[in-house]
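Chain and residue survey
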Amino acid sequence: MQTILEATRQNFEELDRLEASSVYQMTQKTQTYRDKILQQKRVSDFVSEIQSKSKEIIQIYQTEFKQEVDKMTDFNSFYDQLKEIKDFYKNKPNELVPAFDPSVLLTDYEVQELDGLFSGEEGYGRQLDLHDLFLEYLNLPSIARITYLSYLDRFDRFKDYSEDLKQKKEYYQYILKLQEYLFGWIKRSQPLFNLEEMQSEIKKRFEKLWKDGQVPLWERQVAPIRNPELYCVACDKHFAKDTVFKAHESGKKHIKAAKELTGPVDKEQRMKERELVEYEKNKRLAEIEYTITLIMKHLKEVREDTKSHIERKQALTEKERLDDAEELPVEIQEEDEPVEDEKLYNPLKLPIGWDGKPIPFWLYKLHGLGVEYPCEICGGYVYMGRKAFDKHFQEWRHAHGMRVLGIPNGSIQDAYALAEKLKQQAKNESLNPDIIEEYEDDEGNVYNKKTFEEQAVYALENVKKSRRGNPVDHRRTFWYAIYSQILQARYIFVFQNVNIPADTFKKLKLDISGKMETLSVRNGVFKACCNDNKQEKLGSLFQGPTIILFSNQEIVPDVVKLGNKYKQHLILVGGKLDDLIVTSDTFENVKNLPSKAQLLGELLGVLSYPASNIVRVLQQSPMVLAASLDQYSKQDQEK
């Protein structure tokens, strides 16, 4: 009969073996995702067994072990067994104790059993399979029809669901199944993940937020009954409209429910009970939505992998999808020796083989891995080796390029036909004069012949017109802008052009260089500009061929000299001195005015006249003062 001590010893020995097997299993390298899941599931089973054995040992220590030790008084049998062991190894000193093999305890999981844990779409826990839930989503009331890819993006966006939909029974069943699937998927695909701890943490955080009223989208925890008169006590149901409520009262269900009422019912108490039920229901809904939101944050990368997998499958043909489904994962290659974590010596930058070392150079040359194969459909991406180039036709990059070109993936003949068509188009364009020849418009824009002619036809068909209905002359607009700037100058002098020769006009430009500018104007445009700037008098001076001189410096003496020098070809008509408009007659008076220096000299002389003489004159009688002033005026006239 096995004693308590022996049972305890065996449990401890079993714990050591399970721990050694767990360590052994975790140190084994895996090369496929299926083997990785299998490894984690084995370790998870070992951990469960360790916990079970530990509970047995604790139970033995707490109950039977102490009593068994107290009863033990005779150790003769123990010493006899010890003597037998010592005598055995004394007679056979070279006898070895059989070493423990951790692989003996490895549970043999068949591939069929592992395949049964995942659907084909899940890919051994690499992607999510929400097709069944997607169909339930489409069957929800008032839900728009979307694609499966769009559903993967928005199934956890609960703000898009209406409040009326969230009160439906179908919605509650849908999100409950969604939560159960996500928890089940994590448990199947991540056996070593502590799912219970995650659930308890989510529960704790939710209770705190719900208590503070800060759960997203559920700040209002209970929807109050807005109109108690529309509440049916017998059916425990609230209605939104009075007409619907009255129609309900005449219905068979309401009449039957009203008959089943045994006595008077407190309507307020019934409404409070309903609000309490509504509160618990909303809390459960909010908890499920909050849990799904946090789970999807944890599975963010898995969602992206699922979307990429669906997009890749949509780009495949039916035959390619069947081949992809039949493709078996690569088996693990057992290593004879452990790989040392050291820097590899790879000066030729050869590809790394299955053993983690660079492949031999002869194998590199044999497979042609040094030959570059660029693919224009993939945007010029370069593939090393013929095998990689042939394989890339079924990859996402090539499929995307073919889809952009509007060609079914796998139809290489269509790609060749498209390339030949593009070459022919390029050849035709190189010989087409409509594309080769270039033309320049009035604004300096350069176009090919075809575009230039189209622009010309468009301009003729869509001519801009003025307020009077006449076509707009862009040259008039240009000169109008130039003349508006000239009107801002301080001095503008208008000359009538009397057949001035070209060489004489060049000499005139040289004479005024650096002092003023000259321009031959279009009278109609300049007059319009003067009228718009409230300078009609200046615009009236423009009659016949006209040349103007303008500057912001004092140029009156220079203009007088130029008028005398070129009087045969230039006749001064008038001009503008700051805000004063002068004609030719007025300009003669202005021309005879003393210079600025002479006026300053006379003013200085007056100021320096003895003040005593001024006082003496002012003290004389008015008659004498008038005679003195008359005398001074006569002297000025004689001068």
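Being a predicted model, the structure only gives us computed values, none of them experimental.

A look at the overall build of the protein chain
Counting its secondary structure elements, the protein chain contains 30 helices and 11 strands. Classification of the 639 residues of the protein chain by burial places 28% in the buried group. In the structure as shown, the protein chain presents an accessible area of about 45,400 Å², 53% of it carried by carbon and sulfur atoms.

Notes on the packing of helix 6 (residues 131-138) against helix 9 (residues 169-189)
Helix packing for two helices is described by the angle between their axes and how far apart those axes are. Following both chains from N to C, one finds helix 6 and helix 9 inclined at 165°, their axes separated by 10 Å at the closest point. The orientation of helix 6 relative to helix 9 falls into the category roughly antiparallel. Considering only the axes of helix 6 and helix 9, their crossing is left-handed. Contacts from Leu-133, Glu-136 and Tyr-137 in helix 6 reach Tyr-174, Lys-177, Leu-178 and Tyr-181 in helix 9. Of the residues that constitute the contact of helix 6 with helix 9, the class distribution is 5 nonpolar, no polar and 2 charged.

Things to note about the pattern of salt bridges
Going through the model one piece at a time under the given rule, you end up with 15 salt bridges. The partner of Lys-313 in a salt bridge is Glu-121, with the nearest N and O atoms 2.7 Å apart. Note that Lys-313 is positioned in helix 14 (residues 300-314) and Glu-121 in the loop between helix 5 (111-115) and helix 6, a separation of 192 residues in sequence. Judged by its relative accessible area of 23%, Lys-313 falls in the partly exposed class.

Remarks on the pairing of strand 7 (residues 491-497)
With 6 of 7 residues buried, strand 7 lies mostly within the body of the structure. Two elements, strand 7 and strand 9 (residues 546-551), share 6 bridges in a ladder whose sense is antiparallel. Paired with Gln-496 across the bridge in strand 9 is Thr-546. Where strand 7 lies against strand 10 (residues 570-577), 7 bridges are found, and the strand directions are antiparallel. Counterpart to Ile-492 in the pairing with strand 10 is Lys-576.

A short note on the side chain of Lys-53
Residue position: Lys-53 is located in helix 2 (residues 33-62). Not counting residues within four places of it along the chain, the set of residues in contact with Lys-53 comprises Asn-11, Glu-14, Leu-15 and Leu-18.

Observations concerning the UniProt feature "domain: Matrin-type" (unreviewed entry) in the protein chain
Sites flagged by UniProt as "domain: Matrin-type" (unreviewed entry) map to residues 373-404. With 47% helix and 22% strand, residues 373-404 has its two end C-alpha atoms placed 21 Å apart.

Examining the packing of helix 1 (residues 4-27) against helix 2
Closest axis-to-axis distance for the helix 1/helix 2 pair is 9 Å, and the angle between their directions is 160°. If you check the angle between helix 1 and helix 2, you find them roughly antiparallel. The hand of the helix 1/helix 2 crossing is left-handed. Each of Ile-4, Thr-8, Asn-11, Phe-12, Glu-14, Leu-15, Leu-18, Glu-19, Ser-21, Ser-22, Gln-25 and Met-26 in helix 1 lies in contact with helix 2, whose residues at this interface are Gln-39, Arg-42, Val-43, Phe-46, Glu-49, Ile-50, Lys-53, Ser-54, Glu-56, Ile-57, Ile-60 and Tyr-61.

Procedures and definitions
- Residues numbered from 1 in each chain as written.
- Predicted model: local features only at pLDDT ≥ 70, side-chain atom pairs only at ≥ 80, totals over all residues.
- Heavy atoms only, no water.
- Helix = DSSP H or I, 4+ residues; strand = E, 2+ residues; numbered from the N terminus.
- Buried < 20%, exposed > 50% of the residue type's maximum accessible area, 1.4 Å probe, protein only.
- Areas by Shrake-Rupley, 256 points an atom, 1.4 Å probe, with all protein chains shown as cover.
- Axes fitted to C-alpha atoms, helices over the stretch in contact; angles between N-to-C directions.
- Parallel < 35°, antiparallel > 145°, perpendicular 65-115°, else oblique.
- Left-handed = near helix turned anticlockwise from the far one by under 90°.
- Contact = heavy atoms within 4.5 Å.
- Nonpolar A, V, L, I, M, F, W, Y, C, P; charged D, E, K, R; others polar.
- Salt bridge = Lys/Arg side-chain N within 4 Å of Asp/Glu carboxyl O.
- Pairing = 2+ DSSP bridges.
- UniProt positions renumbered as here; feature names shortened; annotations may be inferred.

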